Amino acid sequence: MAAIPDPVQRDDEIDLSELLGTLSDHKWLIGTITGIFILLSIAYALLTTPIYQATSVVQVEQKVPSLPGLSALTQTLGAASPEATTETALITSRMVIGAAVDELKLTIEARPQRMPVIGNFFARRYASRNPGLVSPPLFDMIGYDWGGSKLDIFQLDVPDSLLDRPLRLIAGKEGAYVLVDDDDNVLVVGNTGQAASGHGVTIQVQTLVANPGTQFRVFRHRRLTVINGLQRAVNVNEQGKESGILQMTYDNPDPELAANVLKEVGELYVRQDVDRNSAEAANSLKFVREQLPNVRRDLERATAALNAYQIKAHSVDISMQTQGLLDQEVAIQANIQKLRLQQADMQRQYTPEHPAYKALIQQIGQLEAQKGAIDKRVGNLPDTQQQLLRLTRDVQVSNDTYTGLLNQAQQLDIARAGTVGNVRIIDKAAVDITRPVWPRKLIVVLGGALLGGFVALVYVFIRQMLNRGIEDPAVIEKIGLPVYATIPISLREQALQGKRIHGRGKQHLLVMDAPTDLATEALRSLRTSLHFARLEAKNNVLMISGSSPDVGKTFVSANLATVVAQSNQRVLLIDGDMRMGSLHKVVGGKPEVGLSELISGQTDLIAATRQIGMLENLHFIARGKLPPNPSELLMNARFSALLEHLKQMFDLIIIDTPPILAVTDAAIIGHHAGTALLVVRFGLNQAREVALARQRFEQNGVPLKGAIFNAVEKRSRGYYSYAYYGVGVPSR
């Protein structure tokens, strides 16, 4: 079989008018889908549990130097204030978060069991209106909490096998309770305020307020799991670059718990900072006190050596020139001594590769160079003056160093006792319970509307792309089939179709029930077109078929026969679909005793033919009982003889046939028909499908006269604007 060419050529350009027309044609569908999404978003905004945000602000100030009096030196060495990232890591460290978890007992989770979807809504509503009270059970569901229930567990120890597994605590009367596992095995039976043990579980309930029978879900989580989750949940952000102002936030459905968590984290962070600074001061004080005896011994030795030399040399004074050099060398040596002490202290904190340590070594080297230059000048003095200068210098340097260390020891002792740290809480943890961070009702509803509109548009366009049903009669004509009539969709016919389902044996013809309907007028136009088309036909037999089921060929056949009979012509309507024929549901009566019995010789023409309603010119032959071999019956010579006999009795014979692409019955009947028409349904049949049906008829030697475009709907692009009166036609 040769390939069937696509009769409709489309380009890749976007037709804006076509897109707008598609949106207009499906505006009700788009509106319905969008409305559903809006309703769902409103329900979500009302029913979902609100999330509250606790906020707190801390300030990180520049760190006080470890050794008092050396702030200028610290600045010279390039020490900077702590980085925000470092402080953020400290705040969310396991040391701080873990202590908060232990303090608040966050490893124990207990929440009342509530009805899915609506339970939280009822509980919140009751608790807000009746603080401190417990709601009575609604809908006789005593296992659920409907508001006001409370459970505080002071201690819960479980074996490793029950960690992170749900347990159920069932409230009893007067503070009694039962703890069971997820397999309903009883673990512990206890009372509020008393520790209870059993099956490796130890529990102590501090508070239990609930109706008897209310169930709570209880978990004992692993400590590290809770810490990791809280580390991710607590957010720390610096407010402004290098400002040292850190804002902490934490979101939780329980506003009181959210505030308590941030409060504990902030206080623990400040406390550890104070402890850290106090420890640094204590370490520095210990270092200074260790150096004091050594410096004192050096001072005593230097003083003794100076006195001995003065006695030996009988010299107690030094010249003015020597005094100037002495003052310079003492100042330099004192600075070097201080830097050496700072170096010894820094060696306990930093490696030799640290920038601050390198800067300190560089400064010591510069002072050593200055000292070396003065030593050269001292070398030009008399020996007595040189020796006297060196001894005097040692005494003064040792004395200055000893005095400085004593002052530092006093200052460090005071700093250790009154350490406040370089971190302080500016804003304590607080929660605005009137403004939850989620859900934002307006944002949720607007988001739902946008999402619904987007989903609706995607659905409409995808359906339009996948269902390329014919919507323009020009497409049918390009296939080579003249369009004899376009029948608009009819609301009244849709109602009649429902009556056919529930009322058997009654007549449901559109042209009889609604003679002024637009679809009826279109059928009258078809009658006129057929009158001229039949002038060239070989006989008065009209076959009406379709390419597939549900195109409305039965509707067209029955109502066309009626309008032709109304023009004073004798018309015979035959249900040629002996497989699934349903013409009897339209014209009334039962399908038994019809065409299959006539062809097989089980009945005669008089018994099989009956009049339709009050129309004397309209007669009907039903399909008969369903035979096992419909195609073989139609090929029987008796069928040909029957039609030859009927041609003489009636002006027009209309035969409703099965779809041509489903079975071959239509092709067999088409050999006996003078005129053959194909019913094409708007938006259902594709162009290739119609072209294949036409080719199937031609291969069997049955030429199609034309097509009937059925169930035409209103389209924004202007196709058959009169069709807006109706919304449905029968499927057959």
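Everything numeric here is computed off the predicted structure, so don't read it as measured data.

Participant: Quick question: what am I supposed to make of the overall build of the chain here?
Facilitator: Across its full length, the chain holds 24 helices and 20 strands. Here the chain, with 732 residues, has 44% of them falling under the buried criterion. Put simply, 78% of the contacts in the chain that link residues at least 6 apart link residues at least 24 apart. Of the roughly 37400 Å² that the chain leaves accessible, carbon and sulfur atoms contribute 54%.

Participant: Before we go on, may I ask you to explain the sheet that holds strand S16 (residues 609-611) in this structure?
Facilitator: Across the sheet, 8 strands lie side by side as S13-S20-S19-S14-S18-S15-S17-S16; this open sheet has mixed pairing. Both edges of this open sheet fall to strand S13 (483-488) and S16, since each of them pairs with a single strand only. Across the sheet, the mean angle from the axis of one strand to that of its neighbour is 25°, orientation sign disregarded. Judged from the 3 bridges that link them, S16 and strand S17 (residues 618-621) form a sheet pairing that is antiparallel. Looking at the pairing, Gln611 lines up with His619 of S17.

Participant: Before we go on, may I ask you to explain the sheet that holds strand S1 (residues 52-60) in this structure?
Facilitator: Within a sheet, neighbouring strands are paired by backbone hydrogen bonds and run either parallel or antiparallel to one another. Pairing is antiparallel across the open sheet formed by 4 strands, whose spatial order is S10-S11-S1-S12. With partners counted over all chains shown, the strands left at the sheet margins are strand S10 (235-238) and strand S12 (423-431), one partner each. Ignoring strand direction, the axes of neighbouring strands in this sheet form an average angle of 20°.

Participant: Quick question: what am I supposed to make of a nonpolar patch on the surface here?
Facilitator: On the surface, Leu451, Phe454, Val455, Val458, Ile462, Met465 and Leu466 cluster together into a nonpolar patch covering about 680 Å² of accessible area. Mapped onto the fold, Ile462 is located in helix H12 (residues 441-466). The class for Ile462 is partly exposed, based on a relative accessible area of 42%.

Participant: It is not clear to me how the nonpolar core should be interpreted in this structure. Could you clarify?
Facilitator: In terms of nonpolar packing, the biggest core is built from 45 residues, with Ile574 and Leu646 touching the most fellow members. Top element by residues in this core is helix H24 (residues 687-699). It accounts for 5 residues. If near-sequence neighbours (up to four positions away) are discounted, Ile574 is found in contact with Leu583, Leu595, Ile621, Leu643, Leu646, Ile653, Ile654, Ile655 and Asp656. By size, the runner-up hydrophobic cluster in this structure holds 40 residues, among which are Ala533, Leu542, Val587 and Phe620.

Participant: What's the story with the packing of helix H2 (residues 27-47) against H12 in this structure? I'm lost.
Facilitator: Each pair of packed helices gets described by two things: the angle between the helix axes and the distance between those axes. Relative orientation of the contacting elements H2 and H12 amounts to 150°, with a least axis distance of 8 Å. Judged on the interaxial angle alone, H12 and H2 are roughly antiparallel. Where H2 crosses over H12, the two elements pack in a sense that is right-handed. Considered class by class, the residues forming the contact of H2 with H12 number 18 nonpolar, 5 polar and 2 charged.

Participant: Is there a simple way to think about unusual backbone geometry in this case?
Facilitator: For residues other than glycine, phi is negative in most cases, and the peptide bonds are mostly trans. A cis geometry characterises the amide bond from Trp438 onward to Pro439, with omega recorded as 0°. For Asp164, which is not a glycine, the phi torsion comes out positive at approximately 65°. Residue classification places Asp164 among the partly exposed residues on the basis of a relative accessible area of 28%.

Participant: Where do I start with the packing of aromatic side chains in this structure?
Facilitator: Both the distance between ring centres and the angle between the ring planes are used here to describe each pair of aromatic rings. Under the counting rule described, the total for this entry stands at 5 aromatic pairs. Ring geometry for Tyr144 versus Trp146: centroids 6.4 Å apart, planes at 75°, classification edge-to-face. Plain terms: the ring middles of Phe682 and Phe709 are 5.8 Å apart, the flat faces sit at 45° to each other, and that makes the pair tilted. Placement of Phe682 in the loop between strand S19 (675-681) and H24 and of Phe709 in strand S20 (residues 706-712) is noted, with a sequence separation of 27 residues between them. No difference in accessibility class separates Phe682 from Phe709, as the two residues are buried. Among the aromatic side chains, those forming a connected cluster through ring pairs are Phe121, Phe122, Phe139, Tyr144 and Trp146. Sitting over the face of the ring of Phe154, Lys105 holds its NZ or CZ atom 4.6 Å from the ring centroid.

Participant: What is the right way to read the side chain of Ser631 from this model?
Facilitator: Inspection of the secondary structure puts Ser631 in helix H21 (residues 630-634). If sequence neighbours within four positions are ignored, Ser631 has contacts with Arg579, Thr664, Asp665 and Ile668.

Participant: Just checking my understanding: could you explain the pairing of strand S7 (residues 195-198) for this structure?
Facilitator: For a regular strand, the rule is simple: side chains alternate between the two faces of the sheet. With burial as the criterion, only one face of S7 is covered, namely that bearing Ala196 and Gly198; the residues Ala195 and Ser197 on the opposite face remain uncovered. Judged from the 4 bridges that link them, S7 and strand S8 (residues 201-209) form a sheet pairing that is antiparallel. Directly across from Ala196, in S8, lies its bridge partner Ile203.

Parameters and conventions
Residues numbered from 1 in each chain as written. Predicted model: local features only at pLDDT ≥ 70, side-chain atom pairs only at ≥ 80, totals over all residues. Heavy atoms only, no water. Helix = DSSP H or I, 4+ residues; strand = E, 2+ residues; numbered from the N terminus. Buried < 20%, exposed > 50% of the residue type's maximum accessible area, 1.4 Å probe, protein only. Contact = heavy atoms within 4.5 Å. Areas by Shrake-Rupley, 256 points an atom, 1.4 Å probe, with all protein chains shown as cover. Pairing = 2+ DSSP bridges. Axes fitted to C-alpha atoms, helices over the stretch in contact; angles between N-to-C directions. Patch = residues over 30% accessible without salt bridge, like charges linked within 9 Å, V, L, I, M, F, W, Y side chains within 5 Å. Salt bridge = Lys/Arg side-chain N within 4 Å of Asp/Glu carboxyl O. Core = buried A, V, L, I, M, F, W, Y, C linked by side-chain atoms within 4.5 Å. Parallel < 35°, antiparallel > 145°, perpendicular 65-115°, else oblique. Left-handed = near helix turned anticlockwise from the far one by under 90°. Nonpolar A, V, L, I, M, F, W, Y, C, P; charged D, E, K, R; others polar. Phe/Tyr/Trp six-rings, centres within 6.5 Å; stacked < 30°, edge-to-face > 60°. Lys NZ or Arg CZ within 6 Å of the ring centre and 35° of its normal.

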